[in-house]
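# Structural characterization, general
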Amino acid sequence: MSEKYIGKDILKVDVQDKVTGKALYPDDIYFKDMLYLKIKRATYPHAYLRKLDLSKAEKLPGVVRIISAADIPQVKNFGLMIKDQPVLVGIGQKMRYMGDALAIVIAESKEVASKAVKLIEVEVEKLEVISDPLRAMDKNAPLIHQDGNILATHYLEKGDIKMGFAEADLIVEKEYRTSFLDHVPLQVEAGVGIYDKKSGVITLWVATQWLHDTQADIAQSLGLSKEKIRIIQPVIGGAFGKKEDISVHIHLALAAIETKRPVKLIYSREESMIAQSKRHPFIIRAKTGATKEGYLTAWQAFVIGDTGAYASSGPAVVHKGMYHCTGPYNVANVKGVAYTVYTNNTYAGAMRGFGTTQMAFAYESQMDILAHQLGINPAQFRLQNAYEIGSSTPNGQILTHSVGVKETIKEALNMAGWKGEAQ
Amino acid sequence: MTKLKIELMVNRKKRKIEITPSTRLIDLLRDDLQLTGTKEGCGKGECGACTVIMNGELVASCLVLAPQADGAVITTIEGLGSSDHLDPIQEAFIESGAVQCGFCTPGMILAARRLLEENPHPDEEEIKRGISGNLCRCTGYQKIIEAIKLSIARLSKSDSGKAK
């Protein structure tokens, strides 16, 4: 097998369809008598929904049906790690970010659905909007979810941090902040759904990165067995982590059951930006000690990850980030704490690197600052501290194979033709 | 809603069609003519996924109202080559590994086609400028540029006919 494939050019199975425009992405699937959905979203980032007036929207010709929370009392919350996301926000319930769904408009055309959404009247009781995770962590801050704004706390300890700093000749302590990032897969969230009355099976043509988890989450939310949810994965127009979370899926299922007709839902790009996951913004406080010979002795990390209104993969992303606080560098004494915090921002979830990308900004900056202050070539400083076979990570994993960081640094220097810093 | 009758040439076929005044060219192509190779990525003319060739020029079909295309000659990805007979640019994209998720690919190939019609021997900077209206989120562009370079050699050997 290896001789047949390794080192050979193998064509992607669907590449011919992709260059000729034949590949079917979710938005490319059409059915006769298909209806179009549009979601009415939150009107304020943190508020109680007091009134939802559908009457004008329902009278618009071409509107088939509008589903609100009152119509689906049996439907449960969903979410990748914690079931904290409502399918629709009901009267007296809270909207926690601008992406929360208030109603599903089902219409004969995209145009009518878009017009109808604008005719829905919403009244809210506004609450303090918490956009800063440091404010969310205040003792007197209003609670976004009832169990508190700190969703998860993770700790890390290796060696003796006090001893490590005592051994250091130089200690650098800095704070780093990273921003929200959208994955911007070129295709937005989209899908088509059909309900078969006879078998009770809902078929969804929709992108997902977690086929079976998505199926299970939809099933538990709707109170159906998994066998009743069939997901057909069309060609995916990019994902990068953004399509791990449920988006159009449950709304499509509900509309298909309600109308018994094929239904389609496509987000606008703005809607995708507002409603669907982001890379976590991190606040990282890093304190790093090194000897005057340029060896790291201690590293302390304090990490806050803003997971926005819902958990998504937040607790996993943020604590994984903390585990990588030293980057690929040997440090015998490490201590860390990571908080995953709710705010009223768009929720944050998985994105390429899964928390480690944010940390790289902090640890590589620390390495440069230390090297500069120690008067050591920053490449040499990295090389003499870099992982090798047998190194142990901050969470105690012994690296037994495939440790290429030193070779990578050397090759990067070589390719860049870098001769050292201009002093 | 008022309907307008328009007539246009799409992929060398004459089409007569009734549309609403607010229909965009991309909707006409996708919803009415089932030419779903033209993709919508942003709806704002930023990403280039909906690129088609209209009267010899590249346009973002999400920014063109369908009535504006009355009398126009349009080439979409479906008009470039078929699975049996690929355009040399399509072949080069396959061979160079320039296709990942594929969502930008139709627009990217049409942009390359237009570039090479105007300038059959572009240098690397000209290639980059030629595809500067088309975003790709997967490849990092390097293999797309390599594919276009490969197309230059292929096209100078075989003349597969210009996009109409």
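Reading the values: rules and limits
Residues numbered from 1 in each chain as written. Chains lettered and ligands numbered in written order. Predicted model: local features only at pLDDT ≥ 70, side-chain atom pairs only at ≥ 80, totals over all residues. Contact = placed C-beta atoms within 7 Å. Helix = DSSP H or I, 4+ residues; strand = E, 2+ residues; numbered from the N terminus. Nonpolar A, V, L, I, M, F, W, Y, C, P; charged D, E, K, R; others polar. Core = buried A, V, L, I, M, F, W, Y, C linked by C-beta atoms within 7 Å. Buried ≥ 20, exposed ≤ 12 C-beta atoms within 10 Å, placed from the backbone. UniProt positions renumbered as here; feature names shortened; annotations may be inferred. Pairing = 2+ DSSP bridges. Right-handed = clockwise from strand over helix to strand, strands pointing away. Axes fitted to C-alpha atoms, helices over the stretch in contact; angles between N-to-C directions. Domains from an automatic or database assignment.

Under an unreviewed UniProt entry, chain B has the name (2Fe-2S)-binding protein and belongs to Candidatus Infernicultor aquiphilus.

Chain A carries the name Aldehyde oxidase in an unreviewed UniProt entry, which gives Candidatus Infernicultor aquiphilus as its organism.

So, on to the interface of chain A and chain B. Listed as interface residues are 22 residues of chain A and, on the opposing side, 29 residues of chain B. Take the side of chain A that touches chain B: its biggest share by element is five residues, from helix 2 (residues 15-20) of chain A. Counted by class, the side of chain A that touches chain B contains ten nonpolar, seven polar and five charged residues.

Residues A:Leu37, A:Ala103, A:Ile104, A:Val105, A:Ile106, A:Ala107 and A:Leu252 are the most contacted members of the largest nonpolar core, which totals 103 residues. The residues contacting A:Ala107, other than those within four sequence positions of it, are A:Leu35, A:Tyr36, A:Gly62, A:Val63, A:Val64, A:Val112, A:Ala113 and A:Ala116.

The subject of this paragraph is the UniProt feature "domain: Aldehyde oxidase/xanthine dehydrogenase a/b hammerhead" (unreviewed entry) in chain A. The feature "domain: Aldehyde oxidase/xanthine dehydrogenase a/b hammerhead" (unreviewed entry), as given by UniProt, occupies residues 20-128 of chain A in the numbering adopted here. Helix and strand shares over residues 20-128 of chain A are 15% and 32% respectively, and the end C-alpha atoms of the span are 52 Å apart.

What follows is about the pairing of strand 14 (residues 296-308) of chain A. All names here are of chain A. The buried fraction of strand 14 is high, at twelve of 13 residues. Alignment of strand 13 (residues 282-290) against strand 14, held across nine bridges, turns out to be antiparallel. Bridge assignment links Gly289 to a residue of strand 14, and that residue is Ala298. Once strand 13 ends, the chain turns through five residues before running back antiparallel as strand 14, passing Gly294 with a positive phi of about 90°. Note: strand 14 against strand 15 (residues 333-342), ten bridges, orientation parallel. Pairing of Ala298 across the sheet is with Asn333, part of strand 15. Between strand 14 and its parallel partner strand 15, the chain crosses via helix 10 (residues 314-323), and the hand of that crossover is right-handed.

In this section: the sheet that holds strand 15 of chain A. All names here are of chain A. Read from one edge of the open sheet, five strands run 7-15-14-13-8, paired in mixed fashion. Each edge of the open sheet is held by one strand with a lone partner, namely strand 7 (150-158) and strand 8 (170-177). In this sheet, adjacent strand axes meet at a mean angle of 5° when their direction is disregarded. Lying on the sheet, helix 10 is in contact with strand 7, strand 13, strand 14 and strand 15; it crosses strand 14 at an angle near 165°. Where helix 11 (residues 356-374) meets the sheet, it contacts strand 8 and strand 13, and its direction lies at approximately 145° from that of strand 8.

On to the environment of A:Tyr195, then. Here A:Tyr195 shows up in strand 9 (residues 190-196). Leaving out residues up to four positions away in the same chain, A:Tyr195 has contacts with A:Ile202, A:Ala256, A:Ile257 and A:Lys260.

Before going further, it helps to examine the domain arrangement of chain B. Where the parts come together, the accessible area they lose is often given as the size of the interface. Residue and element names in this part refer to chain B. Split into domains, chain B comes out as domain 1 (4-79) and domain 2 (88-157). Computed over C-alpha atoms, the centres of domain 1 and domain 2 are 21 Å apart. On the domain 2 side, the residues contacting the 13 residues of domain 1 number eleven residues. It is strand 3 (residues 51-54) that contributes the most residues to the side of domain 1 that touches domain 2, three residues altogether. In terms of residue class, the side of domain 1 that touches domain 2 is built from seven nonpolar, five polar and one charged.

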